[in-house]
Amino acid sequence: MSQTIAERLQDLGLELPHAPEAVGAYVPVLRTGNLIMTSGQLPTIGKELTFQGKVGQQLTKEDGRNAAQLACLNALAQLDKAAGGLENIVRIIRLEGFVQSADGFTEQPYVMNGASELLIHLFGDHGRHTRFAVGCNELPLNAAVELALWAEVA
Amino acid sequence: MSQTIAERLQDLGLELPHAPEAVGAYVPVLRTGNLIMTSGQLPTIGKELTFQGKVGQQLTKEDGRNAAQLACLNALAQLDKAAGGLENIVRIIRLEGFVQSADGFTEQPYVMNGASELLIHLFGDHGRHTRFAVGCNELPLNAAVELALWAEVA
Amino acid sequence: MSQTIAERLQDLGLELPHAPEAVGAYVPVLRTGNLIMTSGQLPTIGKELTFQGKVGQQLTKEDGRNAAQLACLNALAQLDKAAGGLENIVRIIRLEGFVQSADGFTEQPYVMNGASELLIHLFGDHGRHTRFAVGCNELPLNAAVELALWAEVA
């Protein structure tokens with residue numbers, strides 16, 4: 001693909017945020033061998049948690065989808081920092097997705113597609129990852145979603 | 001062991017299904033280095049989700065156990081596809097297991113043994129994996145279980 | 001750091017337990033390449049599950065924090081066994097943390113800091129790991145927490 005990842009983000013009206021700090025006694029990202037893994041990322045903008053509540057109750061599934069896209073941007077910012085630029089990512093290999101779900105809400109795949117489709121848009125075939133998407137009764141700080149990414153570098 | 005894995009499956013009255021398609025914007029399996037990881041697999045037969053409901057409520061723990069075995073067969077079909085045959089699997093290394101649980105149901109290990117015991121039956125000592133087994137209030141499409149496998153290839 | 005890990009544990013009034021047996025058809029720990037991963041560990045002392053109940057309901061968040069520290073000690077005992085001594089651990093790379101949470105309890109990060117802070121105390125910068133911390137409605141045997149560790153060895 002001839003466009004840079006930054007240009008593809010811009011086409012979507014998005015930009016890479018600053019990589020969020022950890023909200024606990026851990027690190028937000030690290031590299032082991034040729035793998036980079038992030039900690040669980042929340043749908044924050046700066047220090048503000050933008051999507052709070054249970055999907056299927058206080059939040060619609062569209063809200064959940066947007067929350068997943070936002071958390072994914074934060075995870076990408078972590079990968080960018082650890083890899084010295086997203087262009088150094090060979091492939092996204094895994095998304096671990098948790099959706100704070102109201103009882104009876106079973107569309108976790110739809111919600112996590114907000115993240116997965118962004119990855120495929122940005123990285124093309126190299127963004128095609130494995131994932132799990134599950135529901136939780138509660139997530140940290142009442143966040144709508146939490147997700148972590150694993151990527152491969154050269 | 002002198003029997004093939006296909007023969008051991010047959011002895012149990014089971015056979016490897018076609019590897020299910022992803023139900024979202026991701027891939028069902030990939031290889032990185034000598035690791036193969038699947039996406040979360042559901043207890044489906046073809047396109048039909050066979051075990052729906054919460055274990056401990058609509059479903060018994062025996063149902064849950066059968067659901068885990070079925071989801072595990074789907075995960076094995078993914079490994080088979082990615083490895084070019086289950087005989088190429090050196091070892092199963094991890095099972096990530098989620099059980100859609102009614103309030104008060106705490107036998108997730110019993111449920112996930114439906115998958116774990118199948119793995120050990122098929123692969124012997126090379127099927128002895130690590131795992132987590134946890135409860136979720138909701139899973140995609142009201143599935144009883146979701147599980148992912150990691151395996152090592154040569 | 002000049003102290004041994006055993007000495008640092010002792011300073012905290014803690015000691016490494018015997019590595020718990022698996023509570024199902026799996027193994028508690030294994031090594032693949034230079035990675036060691038544990039199965040999900042519970043807050044047990046010997047065969048007794050010490051912290052039962054939902055955090056935010058039967059258990060306070062301080063209880064949850066102590067449960068996470070205890071489960072982490074069990075995970076460290078597994079790493080010790082697999083690595084032939086904790087001194088052979090190059091780095092702790094990941095903590096997968098599940099907190100059995102009452103509805104409305106959203107301080108999973110506080111709870112999991114009971115594990116994360118122990119890791120950093122023992123391993124210094126080499127204990128700085130990635131993690132996810134999420135809530136579950138139910139966990140095996142009504143355990144307050146379940147957690148798994150991944151570590152790198154030379």
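Residues numbered from 1 in each chain as written. Chains lettered and ligands numbered in written order. Predicted model: local features only at pLDDT ≥ 70, side-chain atom pairs only at ≥ 80, totals over all residues. Heavy atoms only, no water.

Here we come to the overall build of chain A. Helices and strands together make up the secondary structure of chain A, namely three helices and seven strands. Along chain A, helices (α) and strands (β) appear in the sequence α-β-β-β-β-α-β-α-β-β when read from the amino end. For chain A, whose C-alpha radius of gyration is 15 Å, the value lies close to the compact-globule estimate of 15 Å for 154 residues. Here the C-alpha coordinates of chain A stretch approximately 40 × 35 × 25 Å along the principal axes. Classification of the 154 residues of chain A by burial places 62% in the buried group. For chain A, contacts bridging at least 24 residues in sequence account for 80% of all contacts bridging at least 6. In the structure as shown, chain A presents an accessible area of about 5,700 Å², 47% of it carried by carbon and sulfur atoms. Charge centroids of chain A, computed over 11 positive and 17 negative side chains, lie 5 Å from each other. (Helix = DSSP H or I, 4+ residues; strand = E, 2+ residues; numbered from the N terminus. Rg over C-alpha atoms; globule rule 2.2 N^0.38 Å. Buried < 20%, exposed > 50% of the residue type's maximum accessible area, 1.4 Å probe, protein only. Contact = heavy atoms within 4.5 Å. Areas by Shrake-Rupley, 256 points an atom, 1.4 Å probe, with all protein chains shown as cover. Lys, Arg positive; Asp, Glu negative; His and termini not counted. Charge placed at Lys NZ, Arg CZ, Asp CG, Glu CD.)

All names here are of chain B. Across all of its chains, the model carries zero disulfides over all chains by this definition. Looking at the unpaired C72, the closest cysteine sulfur is the one in C136, lying at 18 Å. What makes C72 buried here is its relative accessible area of 0%. (Disulfide = S-S within 2.5 Å.)

Placing chain C over chain B gives an RMSD of 0.0 Å and needs a rotation angle of 120 degrees, together with 0.0 Å of translation along the axis. Put plainly, the chains are arranged around a three-fold axis. Each copy contacts the other with its own distinct surface, as only 19% of the interface residues of chain C are interface residues in chain B too. (Least-squares fit on C-alpha atoms with pLDDT ≥ 70 in both.)

Residues and elements named next belong to chain A. Ordered by their spatial adjacency, five strands build an open sheet running β1-β2-β7-β5-β6, and the pairing between neighbours is mixed. The strands lining the two open edges of the sheet, one partner per strand, are β1 (29-32) and β6 (130-136). With strand direction ignored, the average angle separating the axes of adjacent strands in the sheet is 15 degrees. Pairing geometry for strand β2 (residues 35-38) and strand β7 (residues 145-153), over three bridges, is antiparallel. Across the sheet, I36 pairs through a bridge with A151, a residue of β7. Along the sheet face, helix α3 (residues 108-123) touches β5 (89-100), β6 and β7 and points at about 165 degrees away from the line of β5. (Pairing = 2+ DSSP bridges. Axes fitted to C-alpha atoms, helices over the stretch in contact; angles between N-to-C directions.)

This part is about the interface of chain C and chain B. Of the residues lining the interface, 27 residues belong to chain C; the matching set on chain B comes to 31 residues. Of the roughly 2,100 Å² buried between chain C and chain B, counting both surfaces, carbon and sulfur atoms make up 57%. Three residues, A25, N137 and E138 of chain C, lead the burial of chain C against chain B; their summed loss comes to 27% of the area buried on that side. Linking chain C with chain B are two salt bridges. Here E96 of chain C makes a salt bridge to R94 of chain B, at a shortest N to O gap of 2.8 Å. On inspection of chain C and its partner chain B, the count reaches 15 residue pairs in polar contact (both at pLDDT 80 or more). The leading source of residues in the side of chain C that touches chain B is strand β1 (residues 29-32) of chain C, at four residues. A per-class count over the side of chain C that touches chain B returns 15 nonpolar, seven polar and five charged. (Buried area = accessible area lost by both parts, 1.4 Å probe. Salt bridge = Lys/Arg side-chain N within 4 Å of Asp/Glu carboxyl O. Polar contact = N/O pair within 3.5 Å; in protein donor to acceptor, adjacent residues only side chain to side chain. Nonpolar A, V, L, I, M, F, W, Y, C, P; charged D, E, K, R; others polar.)

Each partner contributes residues to the interface: chain C has 31 residues there, and chain A has 27 residues. Carbon and sulfur atoms supply 57% of the area that chain C and chain A bury against each other, a total of about 2,100 Å² over both sides. Our count for the contact surface shared by chain C and chain A stands at two salt bridges. Among the ionic pairs, D103 of chain C bridges to K54 of chain A, the shortest N-O distance being 3.9 Å. Our count for the chain C to chain A interface comes out at 15 residue pairs in polar contact (both at pLDDT 80 or more). Only β5 (89-100), α3 (108-123), β6 (130-136) and β7 (145-153) of chain C provide two or more residues apiece to the side of chain C that touches chain A. Among the elements that make up the side of chain C that touches chain A, the one with the highest residue count is β6 of chain C (seven residues).

Let's shift gears to helix α3 (residues 108-123) of chain B. Residue and element names in this part refer to chain B. Across its 16 residues, α3 extends 23 Å between first and last C-alpha, which sits within 8% of the 22 Å expected from 1.5 Å per residue. At G114, α3 shows its largest bend, some 40 degrees. Counting buried positions over the 16 residues of α3 gives 12, a clear majority of the element. Inspection of α3 places Q108, P109, V111, M112, N113, G114, A115, S116, L118, L119, L122 and F123 among the buried residues, and these make up the whole buried set. Summarising the contacts, the buried residues of α3 are in contact with α1 (5-11), α2 (61-83), β5 (89-100), β6 (130-136) and β7 (145-153). With its phi angle positive at about 60 degrees, G124 sits one or two positions after the end of α3. (Expected span 1.5 Å × (residues − 1). Bend = angle between axes of the 7 residues up to and from the residue.)

Turning our attention to the layout of surface pockets. Gaps left between atoms are located by rolling a probe of water-molecule size over the structure's atoms. Its boundaries defined by the atoms lining it, the largest pocket holds a volume of some 630 Å³. As for the largest pocket, its lining consists of 30 residues, and the residues nearest its centre are P20, L42, T44, G46 and N74 of chain C. Elements with a contribution of two residues or more to the lining of the largest pocket: β6 of chain B together with β3 (44-45) and α2 (61-83) of chain C. Tallying contributions element by element places α2 of chain C first for the lining of the largest pocket, with five residues. Looking at side-chain class alone, the lining of the largest pocket contains 16 nonpolar, nine polar and five charged residues. (1 Å grid on protein atoms, 1.4 Å probe; cavity = no way out; pocket = protein on both sides within 12 Å on 5 of 7 lines; lining within 4 Å. Points joined across faces, edges and corners; volume = space filled by probe spheres on them.)

For the structure shown, the criterion picks out 18 salt bridges over all chains. Connected via shared salt-bridge partners are K54 and E138 of chain A together with D103 of chain C.

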